[in-house]
Amino acid sequence: MQPIIIGAGHNALIAAFYLAKAGHTPIVLERQGTVGGAAITEALAPGYRGPTLAHAFGPLAAAVLRDMQLERRGVTFVQPDPRLVALTLDGRALIFRRDDGKTAEAIRAFSAADAAKYSEFCAVLRTLGAFLANLVEMTPPSIDRPSTGEMWELLKTGRRFRSLGKRNAYRLLRWGPMAVADLVGEWFETDVLQAAIAARGIFGTTMGPWSAGTGTVLLLNATADPSPGGSSVTAAGGPGAVTRALADAAREAGAEIRTGADVARILVRDGAVTGVALADGSELAARAVVSGADPKRTFLKLMDPVDLEPGFIARIRNYRSSGTAAKVNLALGALPSFRGLDGGAAAQIRGRIHIGPGIDYLERAFDASKYGGMSTSPYLDVTIPTLADPSLAPSGRHVMSVYMQYAPYALRGKTWDAERDALGDIVLRTLEEYAPGITTLVEHRQVITPLDLERTYGLTGGHILHGEPALDQLFTMRPTLGWAQYRTPIDGLYLCGSGTHPGTGLTGMSGRNAAREITRSLKKKRSSA
Amino acid sequence: MANYDVIVIGGGHNGLVHAAYLARAGRKVLVLERRHVLGGAAVTEEIHPGFKYSVCSYVVSLLRPEIIRELDLPRHGLEILPLDGTFTPMPDGNYLWRVNDHAKTRREIARHSKVDAEAYEEYGKAMVEMGRFVKPILNMTPPDPTSLDPRGLMDLLFLGRRFQSLSGEDKYNQVQLMTMSAVDFLDQWFETDVLKATMSASGIIGTFLGVRSPGTAYVLLHHYMGEIDGAFRSWGLSRGGTGAISEAIAGAAREAGVEIRTQTAVSKILVKDGAAAGVVLENGDYFTADVVSSSVDPRRTFIQMVGAEHLPDDFAGDVRRYKFRGSSGKVNMALDALPDFTCLRGPGTHLRGAISISPSIDYMERAYDDAKYGRFSRHPYIDIVIPSLTDPSVAPPGKHVMSCFIQYAPYHLKDGTWDEQREAFGDTVVNTLSEYAPNLRNIILHRQVVTPLDLEREWGLTEGNIFQGELTLEQLFFLRPAPGWSQYKTPIRNLYMCGSATHPGGGIMGAPGRNAALRVLKESRTRTGDRRLLSPVS
């Protein structure tokens, strides 16, 4: 069969690869001129290239790396050490290294009690992350009519749950619905340590550290990388190098990839998909269409509402995907110097830099967004990709990639096009407090607002995770209860993007899981045809 | 030989319900109350001559109908008067006034939005369905999901089956109710800001959460659960004040043979060989018993009365982690006349229900923001009732009692102490109300400000939490009050928990006291055999 895949983001490319491996010949249609979706490396200014959006991988699932042989295709992954540097307002830095023991040593400078607890916390997060990793790899079971296979899977999950032991089993049940601020507060007293870990529960979401359920986001992220500070995996050439290699692997397996092919409509007749119509007016027939776009875009933009039940449409409308993340990319004339990091600084900031020195700071940053304003003292997640790959900029110069929260998509009383510079200024003013003089190094500045994320990259509501990772929009409820198995109410139409389980950002699990279900479903179709 | 079969610590409504059920089953029960009056937080006191304040808890919402029936509370003087409607004045001179009469409410909502008036009907129907699903869970002893105990598995299976039997749409609603924020949930149904704000307010009462915090949607259900029982409205007042409920339960308990002592403060629970053996009073006296049931919160029970030395380390840690974080206060006033609201003048029936200062979602959310950073809300959410309009017995003729529940009033203040802030807090409430009812300032005869610190000192509610611990998902059902100890039992043999800190939690519901009593009876039956003739309890 020749399924059509809408979009060439990382999940779509991974789905294309596995479908091709299963004997299909998928055609991937990408609106943009390049593959990669939100994982791309592009020119920032003459001589400068950088990760336009995503700047660190989740990391990608090991199975994907292995099956798609990314390293053989020339991808060099970099896991920097230190992974994360968290800065404080009074000019100190807390450094998270790959080695938990060394990190604990660094924590000791802030609090001996916290240092003593750190390794146990790491161990618990590893245990819970490993348990949940099974759930992340699994297709969420059907709620109405679980099949024998699903019952078996659930039984196995139940047994794994019990084998966690009472202590950790209850931890899992408690941590999930908790506010991540409470969770870290139960373990640690150092504000910057709490904040650096809590940030993993709020990154990319429309929640603050005091929002209940952010514990789940932390746990979900721990399935890909259980280290408390999170993953900082990048690749030489930036994320674009990885998605290019994913595309190569898909092509080699038999997929066709067309860029500049903008799908305008998914065509449906009698409740079954018949193909897609492109923006240029041409049509492509297909008995299976896989959408890598987010659920809202797929069902509300690319489809004719008459093809869907009003009840289903109402649910998709209610699916929350209003984002709060913005991106600022900077071309710098030299490496900025951060307070708290003396000498050998370059070696210390090859991973991510966390700016958000305390829980209250992060929560206040979130507060602004509740009333439709952007944070004036925002939470920043920063990388300097040129430290891992100097070829991204002219010699001695650097690229800085900054995720900023909170910039609510629904800005109240203002437009993002008018506020673009104000956003850029806020980010630089904030950076200046931690890296004095950085403003004078800026040679070029690119500001990507939530509206840009929607218009240019097709992320509805500017939500970088294709929808809020809230308890009611996860697992069997992602994107909505009854439709969490990558299938849709339209026969032959499937979903494979981050708006499906597990929705963990740049791990590729949604694409991989989707391909497994779609293959199964197509096989059934073929045998019944 | 033990003096008593069971000693119950605390004479609040749960402690009394618990005692009554045990006595009816033939047990010799002693209830010990620290204060001079019974009822705990469900108490009515004449603080100002001639005016009876329901000092803390001020409305009845969910008192279990089976308890009313089984303890025959009406015969013991319980009379619940319906409290009809919620009136929400707005700063722009408009208002929202919902009453139990559906047609009337529909017309009123249509004044704000025709679409919402339509949706309100649908919403009500959906919520009644959901309430039907949740109700049996209230009377259930939560299963332990980590054990292989077949009973627990059966209970989990029962819950799963029940959930499966719901329609697709009801399942969807149910999942959303359990996890979403009140505002996100209501956003799906309604567009009128004030309607959503005032409805979502019920989701934050007694919690340290905002209306946009996930987990607050569930409480929306409570308003639709009372009605299903048909016995009484979702909100009501007890004739003679909230304390009359406690009096009625105490009456039933005494009739069944319970011995009740007030002004008798327990300081320690006697533990011998890992089992509770009795209690020591503050004056040094002691009583022995086969079973001790504590209706006070886990921190008081375990850290203060039992002592950490008797507890497994993990459990002691869990008890210390259990979150209280009180967030509310109370201002009770004696009034010379009725407040006159600018948006709807005169002493109309809108004053007879609840009056809610919750004019917008942003207003509610900003009130929460203040509390997050350690100060009381500059513009608080206020839930008001004027019980003297429904029950004239609580005030002299022509005068009134006004009860104001205030949120947020965080127990932990960033600056100063609650004793220093008391009057400023009271002034904030009066000032806020005066924006809507300017005559209020001139009619106040007496004002009582109850801070979260007062709730702790006077009523023993740790950190001023009115539910004996936050009603957040991680502290509910099989996690309440501690993981693995949700079945009213404790690591100390013969020591049970029977207060709001156990499933299903706070409010004048009585379910924890009753559930725990059934548990004690079941356990002691297996322990001692049919020592006594048991009278049926359900």
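Residues numbered from 1 in each chain as written. Chains lettered and ligands numbered in written order. Predicted model: local features only at pLDDT ≥ 70, side-chain atom pairs only at ≥ 80, totals over all residues. Heavy atoms only, no water.

## Some remarks on the overall build of chain B
Right, so step 1: The helix and strand inventory of chain B stands at 18 helices and 18 strands.
Right, so step 2: Relative to the compact-globule value of 24 Å for 538 residues, chain B shows a C-alpha radius of gyration of 23 Å, a close match.
Right, so step 3: When its C-alpha atoms are laid out on the principal axes, chain B stretches across 70 × 55 × 45 Å.
Right, so step 4: Look at the contacts in chain B between residues 6 or more apart in sequence, and 72% of them connect residues 24 or more apart.
Right, so step 5: Surface accessibility of chain B: about 19300 Å² in total, with carbon and sulfur atoms responsible for 51%.
Right, so step 6: With 59 positive and 62 negative side-chain charges, chain B shows a separation of 4 Å between the mean positions of the two kinds. (Helix = DSSP H or I, 4+ residues; strand = E, 2+ residues; numbered from the N terminus. Rg over C-alpha atoms; globule rule 2.2 N^0.38 Å. Contact = heavy atoms within 4.5 Å. Areas by Shrake-Rupley, 256 points an atom, 1.4 Å probe, with all protein chains shown as cover. Lys, Arg positive; Asp, Glu negative; His and termini not counted. Charge placed at Lys NZ, Arg CZ, Asp CG, Glu CD.)

## Digging into the pattern of salt bridges
All names here are of chain B.
Right, so step 1: Using the criterion set out here, one finds 67 salt bridges over all chains in the structure.
Right, so step 2: Asp391 serves as the salt-bridge partner of Arg239, at 4.0 Å between the closest nitrogen and oxygen. With a gap of 152 residues between them, Arg239 in the loop between strand E8 (236–238) and helix H10 (243–255) and Asp391 in the loop between helix H14 (387–390) and strand E16 (400–407) connect regions that are remote in the sequence.
Right, so step 3: Judged by its relative accessible area of 36%, Arg239 falls in the partly exposed class.
Right, so step 4: Taking the relative accessible area as the measure of exposure, Asp391 reaches 2% and is therefore buried.
Right, so step 5: Residues Asp419 and Arg457 are paired through a salt bridge, measuring 2.8 Å at the closest nitrogen-oxygen approach. Here the residue Asp419 occupies a position in helix H15 (residues 418–436), and Arg457 occupies one in helix H17 (residues 452–459), the gap between them amounting to 38 residues.
Right, so step 6: A relative accessible area of 40% means that Asp419 is categorised as partly exposed.
Right, so step 7: The exposure class of Arg457 is partly exposed, given its relative accessible area of 43%. (Salt bridge = Lys/Arg side-chain N within 4 Å of Asp/Glu carboxyl O. Buried < 20%, exposed > 50% of the residue type's maximum accessible area, 1.4 Å probe, protein only.)

## So, the layout of surface pockets
Right, so step 1: The computed volume of the second largest pocket comes to approximately 980 Å³.
Right, so step 2: Surrounding the second largest pocket, 35 residues form its lining, Ser142(A), Ile143(A), Gly482(A), Trp483(A) and Gln485(A) being those nearest its centre.
Right, so step 3: Elements with a contribution of two residues or more to the lining of the second largest pocket: helix H4 (112–137), helix H5 (148–163), helix H12 (310–318) and helix H18 (509–528) of chain A together with helix H6 (168–179) of chain B.
Right, so step 4: Looking at which domains feed residues into the lining of the second largest pocket, each of domain 1 (4–46 + 54–77 + 238–319 + 463–528) and domain 2 (81–231 + 325–406 + 408–448) of chain A gives three or more. (1 Å grid on protein atoms, 1.4 Å probe; cavity = no way out; pocket = protein on both sides within 12 Å on 5 of 7 lines; lining within 4 Å. Points joined across faces, edges and corners; volume = space filled by probe spheres on them. Domains from an automatic or database assignment.)

## Re helix H12 (residues 313–321) of chain B
Right, so step 1: Three or more residues of H12(B) are buried, namely Phe315(B), Ala316(B), Asp318(B) and Val319(B). Buried residues of H12(B) fall within an arc of 160° about the axis and therefore sit on the same side. For H12(B), the exposed residues lying more than 90 degrees away from the buried face are Asp313(B) and Arg320(B).
Right, so step 2: Lining the buried residues of H12(B) we find helix H6 (165–175) of chain A together with helix H11 (298–306) of chain B. (Arc of directions from axis to C-beta.)

## A few points about the packing of aromatic side chains
Right, so step 1: What the rule picks out here adds up to 32 aromatic pairs over all chains.
Right, so step 2: Centre to centre, the rings of Tyr118(A) and Phe188(A) are 6.3 Å apart; their planes meet at 40°, and the pair counts as tilted. Linking Tyr118(A) in helix H4 with Phe188(A) in the loop between helix H7 (180–187) and helix H8 (191–202), this pair joins segments that are 70 residues apart in sequence. Residue Tyr118(A) shares its accessibility class with Phe188(A), and that shared class is buried.
Right, so step 3: A centroid spacing of 5.2 Å and a plane angle of 75° characterise the contact between Phe121(A) and Phe188(A), whose relative ring orientation is edge-to-face. Pair noted here: Phe121(A) is in helix H4 and Phe188(A) is in the loop between H7 and H8, with a separation of 67 residues, a long-range link.
Right, so step 4: Taken together, the ring pairs connect Phe96(A), Tyr118(A), Phe121(A), Trp175(A), Trp187(A) and Phe188(A) into an aromatic cluster.
Right, so step 5: It is Lys28(B) that lies over the ring of Tyr4(B); its NZ or CZ is 5.0 Å from the centre.
Right, so step 6: Between Lys104(B) and the ring centre of Trp97(B), over which it is positioned, the NZ or CZ distance is 5.7 Å. (Phe/Tyr/Trp six-rings, centres within 6.5 Å; stacked < 30°, edge-to-face > 60°. Lys NZ or Arg CZ within 6 Å of the ring centre and 35° of its normal.)

## Looking at the interface of chain B and chain A
Right, so step 1: Listed per partner, the contact involves 39 residues of chain B and 34 residues of chain A.
Right, so step 2: For the pairing of chain B and chain A, the buried interface totals around 3600 Å² over both sides, and the portion due to carbon and sulfur atoms is 52%.
Right, so step 3: Connecting chain B to chain A are 13 salt bridges.
Right, so step 4: Where chain B packs against chain A, one counts 22 residue pairs in polar contact (both at pLDDT 80 or more).
Right, so step 5: Elements with a contribution of two residues or more to the side of chain B that touches chain A: helix H5 (150–164), H6, H12 and helix H13 (361–372) of chain B.
Right, so step 6: For the side of chain B that touches chain A, the residue count by class is 14 nonpolar, 8 polar and 17 charged. (Buried area = accessible area lost by both parts, 1.4 Å probe. Polar contact = N/O pair within 3.5 Å; in protein donor to acceptor, adjacent residues only side chain to side chain. Nonpolar A, V, L, I, M, F, W, Y, C, P; charged D, E, K, R; others polar.)

## A closer look at the domain arrangement of chain A
All names here are of chain A.
Right, so step 1: Domain parsing of chain A yields domain 1 (4–46 + 54–77 + 238–319 + 463–528) and domain 2 (81–231 + 325–406 + 408–448).
Right, so step 2: Each of domain 1 and domain 2 has a C-alpha centre, and these two points are 26 Å apart.
Right, so step 3: Contacts between the two partners involve 31 residues from domain 1, matched on the other side by 39 residues from domain 2.
Right, so step 4: When domain 1 packs against domain 2, the two sides together hide about 2700 Å² of surface, and 66% of this comes from carbon and sulfur.
Right, so step 5: The three residues of domain 1 that bury the most area against domain 2 are Leu44, His55 and Ile464, which together make up 26% of that side's buried surface.
Right, so step 6: Where domain 1 packs against domain 2, one counts 0 salt bridges.
Right, so step 7: Taken together, the elements giving at least two residues each to the side of domain 1 that touches domain 2 come down to strand E3 (41–45) and H18.

## A few points about the environment of Gln32(A)
Residues and elements named next belong to chain A.
Right, so step 1: Within the fold, Gln32 resides in the loop between strand E2 (27–29) and E3.
Right, so step 2: As a C-alpha pair, Gln32 and Asp262 span 230 residues in sequence and 7.6 Å in three-dimensional space.
Right, so step 3: Those residues in contact with Gln32 that sit more than four places away from it in its chain are Thr259, Gly260, Thr456 and Tyr457.

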